[in-house]
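# Coordinate inspection notes
Okay, here's what each chain looks like letter by letter:
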Amino acid sequence: MNTPALSLIKSDLPEKWQEILADLITDPKELLDFLELEEAANPYSPVACTQFPVKVPRPFAERMEKGNWHDPLLRQVWPDLAEEVTDPLRSEDPLQESDFNDKPGLLHKYHGRVLLTVAPHCAIHCRYCFRRHFDYAANTPGRARWRETLDYIAQDTTIEEVILSGGDPLAAPDGYLRWLLNELDAIDHVRTLRIHTRLPIVIPQRITAELRDILNSLRCQVVVVLHCNHHAELDDRVFEVFSALAEDGHLLLNQSVLLKGVNDNAASLIALNKALFSQRVLPYYLHLPDAVTGTGHFDVSEVRGKQLIDELRSQLPGYLVPTLVREEPGKSSKTRLA
Ligand code: SF4
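Counting from 1, residues in each chain are numbered in the order their sequence is written. It should be noted that, the model being predicted, local features are given only for residues of pLDDT at least 70 and side-chain atom pairs only at 80 or more, the latter also being counted only at that level, while totals for whole chains, interfaces and linings use all residues.

When DSSP finds two or more bridges between a pair of strands, those strands are recorded as paired. Helix and strand assignments follow DSSP, with helices taken as H or I runs no shorter than four residues and strands as E runs no shorter than two, numbered in order from the N terminus. The strand order S1-S2-S3-S4-S5-S6-S7-S8-S9 describes an open sheet built from nine strands, whose pairing is mixed. With one partner strand each, in any of the chains shown, strand S1 (106–110) and strand S9 (335–336) form the two edges of the open sheet.

A few words on the site of the ligand. For each residue, a C-beta atom is placed from the backbone, and the residue counts as near a molecule or strand when that atom lies within 6 Å of it. The immediate surroundings of the ligand are formed by Cys122, Ile124, His125, Cys126, Cys129, Arg131, Gly166, Asp168, Arg198 and His227. By the convention adopted, Pro, Cys, Tyr, Trp, Phe, Met, Ile, Leu, Val and Ala count as nonpolar, Lys, Arg, Asp and Glu as charged, and the other residues, Gly among them, as polar. Classifying every residue of the shell around the ligand gives four nonpolar, three polar and three charged.

Another point: the domain arrangement of the protein chain. Taken domain by domain, the protein chain consists of domain 1 (17–84) and domain 2 (97–336). Residue ranges labeled as domains rest on an automatic or database domain assignment. Here domain 1 and domain 2 have C-alpha centroids that lie 23 Å from each other. Once C-beta atoms are placed from the backbone, any two residues with those atoms within 7 Å are in contact. Counting residues at the interface gives 23 residues for domain 1, matched by 23 residues for domain 2. Mapped onto the side of domain 1 that touches domain 2, the elements with two or more residues apiece are helix H1 (17–21), helix H4 (58–61) and helix H5 (72–77). Among the elements that line the side of domain 1 that touches domain 2, the one with the most residues is H5, at five residues. Among the residues forming the side of domain 1 that touches domain 2, the class breakdown is 17 nonpolar, one polar and five charged.

Below is the structure:
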């Protein structure tokens, strides 16, 4: 089947997602210049930039408000001095994922499903990321090393769902994705292929006709779990790709992280979930941030998270209220809090 191209909304940016990916903003000073902000008001941390380099796609930067240090998109990517704060209660691997990582690129934490780290990088570096210290180099196999992992999945008939994660799996080239998805699709007991991605939001140009063809050719049900934290991340171009994916018959869900200074108020979460639903995306999880080293300035308490869910329940239909969750090391599923 040949999927028609999207009716592209005009932009000054290149149309090829690879060109946008090759031209990310990686210098905090360039981001400040673009946003017409003075660094003296909020200096960045060179240490944080070394540990987890700045990466901001230009389509995402264009949605930030110029001159506003409190912009919720800027806060998610700004390498704040607070990242240098050390805290013995925080860790580089708070979920102890390395304990579940005995095949190349595979995490098998939950019954019935496995997670594959498909791409060694993301298009954006979210400063709160729970995998900011993850060893992608050791956990993103090439095609030859995937064989061992594919055999593992083929031999365990309890595995019905494979989650493609990263990095961002859609940062991988189409040829590679086609090969890997087809290999997984050929395993009879795998019924669902779930893609966890932020790329349709930060570089919507990534949803090409070729990628849609790949997804549309699969036997398995495709679930796309988006990651969007604030309604200002959404624009007409992003909505266009959500509509296309929904019209292709894929289930679209969204997960957000509850972040101090970004979305820790009911009005913001309500606006986000209404905007997503207008494009057939359902809220899924609202995560409390994980206790990752260098991210304490984003913390929101469990009590505040529960209050926010109560406020959402009082103003939205149940299907627009995400489940508040926390991941805890060693648990066989996420802990539902509200
Ligand atoms: S896109 Fe996801 S995996 Fe990548 S940096 Fe952001 S939160 Fe982390």
